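A closer look at the structure
One-letter residues, chain by chain:
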Amino acid sequence: MKILLVDDDPIARAIHAMMLHSQGHEVIEAADGELAWLLVQEKDIGFVVSDWMMPNLAGVELCRKIRAANFEHYVYVILCTSKGAKSDLIEGMDAGADDFLVKPIGPEELRVKVRAGERVLNLQRGLADKNRELATINGQLQSAHKLVEEDLKAAAWMQQRLLPQPMQKAHGIECLWRLEPSGYIAGDIFNCFSMGEQEAGFYLLDVCGHGVPAAMLSVTLSMVLTPEATYGSPLMALDPSTGTSAVLPPDDAVRELNRRFQSIDDRYFTMIYGVFDLRSSTIRFAQAGHPGPILMRKGAKPQTHGEGGMPVGLWPKIVFDCFDIPVRAGDRLLLYSDGVTECVNETNTAFGEERLLSYLEECANVSLEHLLEGLISELKTWRGKNECADDISLLALEVTDDMLEP
Amino acid sequence: MKFLESSDGNVLIVKVLENRITADVAAGFKEGLVEYVKKGNRMIILDLSDVTFIDSSGLGALIGSLKAMGGNGELLLSGAHEAVMNMFKLTHMNKVFRMFKSPEEALSAIS
């Protein structure tokens, strides 16, 4: 090891230099503190054995300068004193000395003290190497994280573009919605559209789980679930002889979806799909493992419809049922994902269907816009400091009177 | 996921020692159950009496475990709480899994 030996007494310096040489160290000598300070700055020195009392710059001052310089590597300093007084030791330690030797110094004493210092320096070097390694890894992680985050933001933007317009209108209905993904992107998706001449379709679906894997399936589904899907919409039946297509009953449409989207990794989805037929003023629903639609009608209590049903994608041969709700102008419907009812407060109590129904009852005379906004803030209040564990989606519809038969 | 196992003849009774089976534990839940199936268990009663909530991922894990039996054997459920039962009713999974009040009731139904 390279050791800087500082002493103004040439004899003592020569003796100590000889000892250190014989112990296998490379010795650089300095005749006073000032010179030593220059050497410490110029040469790569990690170990200093310095006399205390010296002209120009005393050992304790040299030590202070070294500590204040805050070199990248640690400099281990042993101060030699001929006094060994307690007050000196305290001053030396305060200046940042690591150890002390009392003159006259024997070779064995010098050997063990230098070896102890060497151990400390080795440990320090090991730690510094580890720190550099960690800093590099940390930098790599940070850039990887940034990349993932940017990807997710881009994905969220693309997913937003698949959602309906605010206040989207279809035959005989207008719809409003809210989506609060638990992460950047959601496994919930919904839409509302006109079908054929006299019908409107709308759905809300929830891919089990959340995050990227769920969102990829929900995005795929939303591309397929339109009356104009490129490769044959599962919502329409094409008559090959005439080349025209007709709206499939919702239970058949869901059966077709189930045929096409068999799960490969337990990733099924639940959905509610309604087709509003203006000629009969009836909405026919297929309910696949999803909470039933809530009908809000003036002068009546909001009511959940439907008896449940199996989710989509679990087994190929599932038969789906459907049910009808006759509607009239002014009727409202709420479709929602279970992120609403399963939203838990700080004591782990779920928001639940009853609370949802009574909220909706209070909002009988409120605009749909305010109803949805109010429900989202109600859920935020309920949740408190809890994270949103699941995506929350709401699709509210109102039957308009412009196309209904009187 | 922690389970408590006991057996009665060739029937394995597995009690789930977890309150909530949700997305974050669903993978471990399924892994544990599939392990029992791999060991050759074909009659498993899953005691859900400690489980107060199961989400869609938890249900997916349960169905995945049933599928792992390959149609040879049965996964019976017991002690489902109301919230759990509601989930099974909504998704009609109460028609896929036979459900009982207690493991004893499930045992007497299959013996």
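The present account deals with the structure reproduced in this document. Bear in mind that the values here come from a model prediction, so they are computed numbers and not experimental data.

Some details on the overall build of chain B
From N to C terminus, chain B includes four helices and seven strands. Walking chain B from its N terminus toward its C terminus, one meets helices and strands in the order β-β-β-α-β-β-α-β-α-β-α. Over its C-alpha atoms chain B spans a radius of gyration of 12 Å, differing by no more than 12% from the 13 Å that the globule rule assigns to 111 residues. Its C-alpha atoms give chain B principal-axis dimensions of roughly 30 × 25 × 25 Å. Buried residues in chain B amount to 48% of all 111 residues. Counted over contacts in chain B with a minimum sequence separation of 6, partners at least 24 positions apart contribute 70%.

With respect to helix α1 (residues 23-38) of chain B
All names here are of chain B. Compared with an ideal rise of 1.5 Å per residue, which puts 16 residues at 22 Å, α1 spans 23 Å between its outermost C-alpha atoms and is within 8% of the ideal. Here α1 has its buried residues at Ala26, Phe29, Gly32, Leu33, Val34, Tyr36 and Val37. Contacts from the buried residues of α1 go to β1 (3-8), β2 (11-16), β3 (20-21), β4 (43-47) and α2 (56-68).

Comments concerning the packing of aromatic side chains
Residue and element names in this part refer to chain A. Following the criterion strictly, the structure yields eleven aromatic pairs over all chains and no others. Geometrically, the ring pair formed by Phe47 and Tyr76 is tilted, given 5.1 Å between the ring centres and 35° between the ring planes. One end of the pair, Phe47, is in strand β3 (residues 47-51); the other, Tyr76, is in strand β4 (residues 76-81), with 29 residues separating them in the sequence. Assigned by exposure class, Phe47 and Tyr76 land together as buried. Where Phe351 meets Trp382, the ring centres are 5.7 Å apart and the plane angle is 80°; that geometry is what we call edge-to-face. Here Trp382 lies in helix α10 (residues 368-383) and Phe351 lies in the loop between α8 (338-341) and α9 (352-362), a separation of 31 residues in the sequence. The exposure class assigned to Phe351 is buried, which follows from its relative accessible area of 3%. Aromatic ring contacts, followed pair by pair, group Phe202, Phe285 and Phe323 into a single cluster.

Considering the sheet that holds strand β13 (residues 282-288) of chain A
Residues and elements named next belong to chain A. Across the sheet, which stays open at both edges, the five strands sit in the order β8-β9-β12-β13-β16 with antiparallel pairing between neighbours. The open sheet has two edge strands with one neighbour each: β8 (188-195) and β16 (322-326). Here the average twist between neighbouring strands, direction ignored, is 15°. Bridge count between strand β9 (residues 199-207) and strand β12 (residues 269-277): nine bridges; the pairing is antiparallel. If you follow Gly201 over to β12, its bridge partner there is Val275. Lying on the sheet, helix α6 (residues 212-224) is in contact with β8, β9 and β12; it crosses β9 at an angle near 165°.

A short note on the interface of chain A and chain B
Contacts between chain A and chain B engage 20 residues on the former and 20 residues on the latter. Between chain A and chain B, roughly 1500 Å² of surface is buried when both sides are summed, and carbon and sulfur atoms account for 59% of that area. Between Asp266(A) and Lys30(B) there is a salt bridge, and its shortest N-O distance comes to 2.9 Å. Connecting chain A to chain B are seven residue pairs in polar contact (both at pLDDT 80 or more). Its residues assigned to classes, the side of chain A that touches chain B shows eight nonpolar, nine polar and three charged.

Quick look at the pairing of β13(A)
Two faces make up the sheet, and in a regular strand the side chains alternate between them. All names here are of chain A. Of all seven residues in β13, six are buried; the element is thus mostly enclosed. The turn joining β12 and β13, which pair antiparallel and follow one another in sequence, is formed by four residues; a positive phi near 50° is taken by Ser281. When β13 meets β16, the two strands line up antiparallel, connected through five bridges. Within the sheet, the bridge partner assigned to Phe285 lies in β16 and is Phe323.

Some details on the environment of Tyr36(B)
Residues and elements named next belong to chain B. Note on placement: Tyr36 falls in helix α1. For the pair Tyr36 and Ser6, spaced 30 residues apart in sequence, the C-alpha to C-alpha distance is 12 Å. Ignoring any residue separated from it by four or fewer positions in sequence, one finds Tyr36 in contact with Phe3, Glu5, Leu12, Val14, Asn41 and Ile44.

Some points on the pattern of salt bridges
Residues and elements named next belong to chain A. Here the structure, examined in full by the defined rule, presents 26 salt bridges over all chains. Notably, a salt bridge pairs Asp99 with Lys113, separated by 3.2 Å at the nearest N-O pair. Here Asp99 is found in strand β5 (residues 99-102), whereas its partner Lys113 is found in helix α5 (residues 107-162), with 14 residues between them in sequence. A salt bridge links Glu373 to Arg178; its shortest N-O distance comes to 2.5 Å. One end of the pair, Glu373, is in helix α10; the other, Arg178, is in strand β7 (residues 173-180), and 195 residues separate them in sequence.

Notes on helix α3 (residues 82-90) of chain B
Residues and elements named next belong to chain B. Of all the positions in α3, only Val84, Met87 and Phe88 are classed as buried. Down the axis, α3 shows its buried residues gathered within 95° of arc, on one side only. For α3, the secondary structure elements touched by its buried residues are β5 (53-54), α2, β6 (74-78) and β7 (99-100). Of the residues trailing α3, His92 is marked for its positive phi of about 55°.

Structural notes on the packing of helix α1 (residues 10-22) of chain A against α5(A)
All names here are of chain A. α5 packs onto α1 with a crossing angle of 60° between their chain directions and a minimal axis gap of 10 Å. Relative to α5, the element α1 lies oblique. Crossing hand, α1 versus α5: right-handed. Mapping the contact onto sequence places His16, Met19 and Leu20 in α1 and Pro107, Leu110 and Val114 in α5.

Quick look at the pairing of strand β17 (residues 332-336) of chain A
Residues and elements named next belong to chain A. For β17, the tally of buried residues reaches five of five residues, placing the bulk of the element in the interior. In β17, alternate side chains face the same way, and those of Arg332, Leu334 and Tyr336 on one face and Leu333 and Leu335 on the other are all buried. Pairing analysis gives three bridges linking strand β14 (residues 294-296) to β17, with the strands arranged antiparallel. Across the sheet, residue Ile294 finds its bridge partner in β17, namely Leu334. Alignment of β17 against strand β18 (residues 392-399), held across five bridges, turns out to be antiparallel. Bridging across to β18, Leu333 finds its partner in Leu397.

Cut-offs applied
Residues numbered from 1 in each chain as written. Chains lettered and ligands numbered in written order. Predicted model: local features only at pLDDT ≥ 70, side-chain atom pairs only at ≥ 80, totals over all residues. Heavy atoms only, no water. Helix = DSSP H or I, 4+ residues; strand = E, 2+ residues; numbered from the N terminus. Rg over C-alpha atoms; globule rule 2.2 N^0.38 Å. Buried < 20%, exposed > 50% of the residue type's maximum accessible area, 1.4 Å probe, protein only. Contact = heavy atoms within 4.5 Å. Expected span 1.5 Å × (residues − 1). Phe/Tyr/Trp six-rings, centres within 6.5 Å; stacked < 30°, edge-to-face > 60°. Pairing = 2+ DSSP bridges. Axes fitted to C-alpha atoms, helices over the stretch in contact; angles between N-to-C directions. Buried area = accessible area lost by both parts, 1.4 Å probe. Salt bridge = Lys/Arg side-chain N within 4 Å of Asp/Glu carboxyl O. Polar contact = N/O pair within 3.5 Å; in protein donor to acceptor, adjacent residues only side chain to side chain. Nonpolar A, V, L, I, M, F, W, Y, C, P; charged D, E, K, R; others polar. Arc of directions from axis to C-beta. Parallel < 35°, antiparallel > 145°, perpendicular 65-115°, else oblique. Left-handed = near helix turned anticlockwise from the far one by under 90°.

Everything listed is a geometric property; what it means functionally is a separate question.
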